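Report on the structure
Given next are the chains, with one letter for each unit.
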Amino acid sequence: MKKEWHVYLACDKIARLLVSLEMNLVCFQTLERRWPTPLRRIKIHPILTFPPKPKVQFFFEGEQMEGAEGEPIAAALVANGISTFRESVDLHRPRGFFCAIGNCSSCLMVVDDVPNVRTCIVPLHQGMRVQVQRDKGVLK
Amino acid sequence: MKEPDVLVVGGGPAGMNAALAAAESGASVVLVDRFAKLGGQLVKQTHKFFGWADRGAGARGIELAQKWSHAVLAQPQVETYLGKEMIGAYRDGIWLVADQEKYIKIKPKRTVIATGASEKMILFENNDLPGVYGAGAVQTLMNSYGILPGEHYLIVGSGNVGVIVAYQLLQAGAVVRAVIDVLPRLGGAYWVHAAKIQRAGIPILLQRTITGVYGNQKVERAETVGVDDKFRLIPGTERTFRVDVVCLAVGLTPLSDLLFELGIQEYYIPELGGFVPWHDQTGRTNRKDLFVVGDVSGIEEATTASLQGRIAGLTAASDLGYAVDEQMRRRLIEALAEFRCSTLSQNVCSGLDRLAGKEASQ
């Protein structure tokens, strides 16, 4: 009886280990398959579907990029692998996406020559010119 | 200048329900939200809600967001200003909305503030480095836009938000290295979700805190260390995580800037997220024409927010002489009290009790 119990425990342990290993392996595999970096768009999801939206071209620091019409500018940048959106005013430390609700000012950028645009809540449109903001912004 | 009966600031579960309840009673309503879409933070909540079936339990947040926002948009009594931000509240009762390059002035008879909450920040080295995200922001990116901001994640905080985000990251196909929490027990997370992520092999490391993130222009690794019962760091227990995203899920705090501007009576109640406006059971503050509902009145969740919204909407309409089903209003107030005691943590309940015990200054 006692022996069987030990066997059972050992089997249970191995099973748990396998499950966690497999979970990680599955994740790694899907990562490899799904993301030719820097594309990070989710293709398979157990609950959600992401129907393809019309693609638009925009420019980040002069470089042409692709995003989905109407998604926040900052989301399109993240999908293109961009992490620095602005620099802090005094120390010029890089700042990126933080709150996603238009509250924290970490994603302020220059969009079509207008500074201090909260890119996490402003929708992306065809041909937008988006630039890293390095100062407090000047209104022209 | 617009002169509606009721002005609602915020289009989340609380704001949408306040607008609906007031409009259905006959009041004219203006609803303002700085985001281009209604729904607030419901639009990213893919998990099923707990609680009562007739209060939306079993439904996913995304479904509720859709249901309510359709109802609001279909309601002719409600005018919505989306993608426009409320930027000023003046003491003579005029509110200012910024619309691109012009301002819209609004002078309502009653105002319902439903601005929600913002993520709290904690101190550690380089906490401003790109790659440090509010957990809610990661949730928005992956659930609303289908974008994963990184490949390997560390979650700080084992409350409801932290654990649910960990689970949803798994669903989206990301690798979560660990969930850490400085407390010796799980935060406010429901056991179901905590068990799910542990079964999937994500460790929940208690009594551990983050001391810094490092990397070239963005997060490449996070340093953590164990803490003792008095929150002192224990040398020798350092552990490095190779991650490119750190999700902060260390709590929420009411977005009460507008209330502060107006000098509304606030009290510091940590259980409710920090400074919260005093209000009675209908959401009315010490200014008779001003109501607060949802997270801005104290951090809770979407079901209570929607109930609070309904109650405040009905009360505002009844103030203005519209015929309101009194029995229904009373039933909602009872339902809210009952729901809170049966599902929320003891913490929130005692916080609410403390707030109720405070005085409203005139």
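Given the structure is predicted, the values throughout are model-derived calculations rather than measurements. (Residues numbered from 1 in each chain as written. Chains lettered and ligands numbered in written order. Predicted model: local features only at pLDDT ≥ 70, side-chain atom pairs only at ≥ 80, totals over all residues.)

1. What about the overall build of chain B?
Put simply, the test is: Where helices and strands are cited, they refer to DSSP runs of H or I of at least four residues and of E of at least two residues respectively, numbered from the N terminus. Only C-alpha atoms enter the radius of gyration; for comparison, a globular chain is expected to reach 2.2 Å times N to the power 0.38, where N is the number of residues. With C-beta atoms placed from the backbone, a residue is labelled by how many other C-beta atoms lie within 10 Å of its own: buried for 20 or more, exposed for 12 or fewer, partly exposed between the two. Any pair of residues counts as being in contact when their C-beta atoms, constructed from backbone geometry, are within 7 Å of one another.
Of the regular secondary structure elements, chain B holds nine helices and 20 strands. Here chain B has a C-alpha radius of gyration of 21 Å; the compact-globule value for 362 residues is 21 Å, and the two agree. Put simply, chain B has 362 residues, and 51% of those count as buried. At a minimum sequence separation of 6, the contacts of chain B that also span at least 24 residues come to 66%.

2. Brief notes about the overall build of chain A
Scanning chain A from terminus to terminus reveals two helices and seven strands. Secondary structure elements of chain A occur, N-terminal to C-terminal, as α-β-β-α-β-β-β-β-β. Within the span of chain A, comprising 140 residues, buried residues form 31% of the whole. Within chain A, contacts between residues at least 6 apart in sequence are counted, and of these 43% link residues at least 24 apart.

3. Let's talk about the interface of chain B and chain A
Counting from both sides, the interface comprises 31 residues of chain B and, opposite them, 36 residues of chain A. When residues of the side of chain B that touches chain A are traced back to their parent elements, those giving at least two are strand S8 (117-119), strand S9 (132-134), helix H3 (135-144) and helix H4 (160-172) of chain B.

4. Some words on the domain arrangement of chain B
Residue and element names in this part refer to chain B. This is how the line gets drawn: Either an automatic procedure or a domain database provided the assignment from which the domain bounds are taken. Here the term charged refers only to Asp, Glu, Lys and Arg, the term nonpolar to Ala, Val, Leu, Ile, Met, Phe, Trp, Tyr, Cys and Pro, and the term polar to all other amino acids, Gly among them.
Splitting chain B by domain gives domain 1 (6-118 + 252-357) and domain 2 (121-248). Between the C-alpha centres of domain 1 and domain 2 there is a distance of 30 Å. With seven residues of domain 1 at the contact, the number on the domain 2 side is nine residues. Tallied by class, residues from the side of domain 1 that touches domain 2 come to two nonpolar, four polar and one charged.

5. Focus on the packing of H3 of chain B against H4 of chain B
Helices that pack against each other are described as a pair by the angle of their axes relative to one another and the distance between those axes. Residues and elements named next belong to chain B. Basically, it comes down to this: To obtain each axis, a line is fitted to C-alpha atoms, and for helices this fit is confined to the stretch in contact; angles are then taken between N-to-C directions over 0 to 180 degrees. Throughout, the term roughly parallel applies to angles under 35 degrees, roughly antiparallel to angles over 145, roughly perpendicular to angles from 65 to 115, and oblique to all others. Note on convention: near helix rotated counterclockwise from far helix by under a right angle means a left-handed crossing. Clockwise means right-handed.
Running from N to C, H3 and H4 cross one another at 30°; their axes reach a closest spacing of 10 Å. Compared by their axis directions, H3 and H4 come out roughly parallel. Remark: the crossing between H3 and H4 carries left-handed chirality. Every residue of H4 that contacts H3 at Ala135, Gly136, Val138, Gln139, Met142 and Asn143 is listed here: Val161, Gly162, Val165, Gln168, Leu169 and Ala172. Within the contact of H3 with H4, the residues separate by chemical class into seven nonpolar, five polar and no charged.

6. Structural notes on the nonpolar core
Residues and elements named next belong to chain B. Our working rule: What makes a nonpolar core is a set of buried Ala, Val, Leu, Ile, Met, Phe, Trp, Tyr and Cys residues, with links drawn between C-beta atoms within 7 Å.
Residues Tyr133, Ile155, Ala166, Val246 and Cys247 are the most contacted members of the largest nonpolar core, which totals 73 residues. Looking at which element gives the most residues to this core, the answer is H4, with nine residues. Excluding residues that lie within four positions of it along the chain, Ile155 makes contacts with Ala135, Gly162, Val165, Ala166, Val176, Val179, Cys247 and Ala249. Counting 62 residues, the second-largest nonpolar core is a separate cluster that includes Leu20, Val30, Ala89 and Ala316.

7. Regarding the sheet that holds strand S7 (residues 129-132) of chain A
Residues and elements named next belong to chain A. Formally: Whether two strands pair comes down to DSSP finding at least two bridges between them.
Ordered in space as S2-S1-S7-S5-S6, the five strands form an open sheet in which the pairing is mixed. A strand with exactly one partner marks an edge of an open sheet, and here the two such strands are strand S2 (63-68) and strand S6 (114-118). With strand direction ignored, the average angle separating the axes of adjacent strands in the sheet is 40°. Note that strand S5 (residues 108-111) and S7 share three bridges and pair antiparallel. Across the sheet, Met109 pairs through a bridge with Val132, a residue of S7.

8. Quick word on the sheet that holds strand S12 (residues 204-206) of chain B
Residues and elements named next belong to chain B. The parallel open sheet is built from five strands, whose spatial order is S9-S16-S10-S11-S12. Only two strands of the sheet have a single neighbouring strand rather than two, namely S9 and S12. Pairs of neighbouring strands in the sheet enclose a mean axial angle of 25°, with direction left out of account. Sheet analysis places strand S11 (residues 175-181) next to S12, joined by three bridges and oriented parallel. Counted as the bridge partner of Ile180 is Leu205 from S12.

9. Here's the deal with the packing of H4 of chain B against helix H5 (residues 191-199) of chain B
Residue and element names in this part refer to chain B. Viewed as axis vectors pointing N to C, H4 and H5 meet at an angle of 45°, and their least axial separation amounts to 9 Å. For the element pair H4 / H5, the angle class is oblique. Where H4 crosses over H5, the handedness of that crossing is left-handed. Facing H4, whose interface residues are Val163, Ile164, Ala166, Tyr167 and Leu170, H5 presents His193, Ala194, Lys196 and Ile197. Within the contact of H4 with H5, the residues separate by chemical class into seven nonpolar, one polar and one charged.

10. Observations concerning the environment of Ser144 of chain B
Residues and elements named next belong to chain B. For Ser144, the position within the fold is in helix H3. The spacing of Ser144 and Lys37 is 107 residues in sequence and 11 Å in space, taken between C-alpha atoms. Residues contacting Ser144, with those up to four places away along its chain left out, are Val43 and Lys44.

11. Things to note about the environment of Arg95 of chain A
As for its position among the elements, Arg95 of chain A is in strand S4 (residues 94-95). The class of Arg95 of chain A is buried, set by 24 C-beta atoms lying within 10 Å. Here the alpha-carbon distance between Arg95 of chain A and Val78 of chain A, two residues 17 residues apart in the chain, equals 13 Å. Excluding anything up to four places from it in sequence, Arg95 of chain A contacts Thr84, Phe85, Arg86, Glu87, Ser88 and Ser106 of chain A together with Asp128 and Pro130 of chain B.

12. Comments concerning the confidence of the model for chain A
Residue and element names in this part refer to chain A. What counts here: pLDDT expresses how confident the predictor is about each individual residue, on a scale running from 0 to 100.
With 74% of its residues at a pLDDT of 70 or more, chain A shows a mean pLDDT of 83. By mean pLDDT, helix H1 (residues 2-34) is the weakest element of chain A at 57, and S7 is the strongest at 98. Contacts for the low-pLDDT stretch residues 27-38, under 50 throughout, to residues beyond four places or in other chains number eleven contacts.

13. Remarks on the environment of Phe339 of chain B
Inspection of the secondary structure puts Phe339 of chain B in helix H8 (residues 326-343). The sequence separation of Phe339 of chain B and Thr304 of chain B amounts to 35 residues, and the corresponding C-alpha distance is 7.5 Å.

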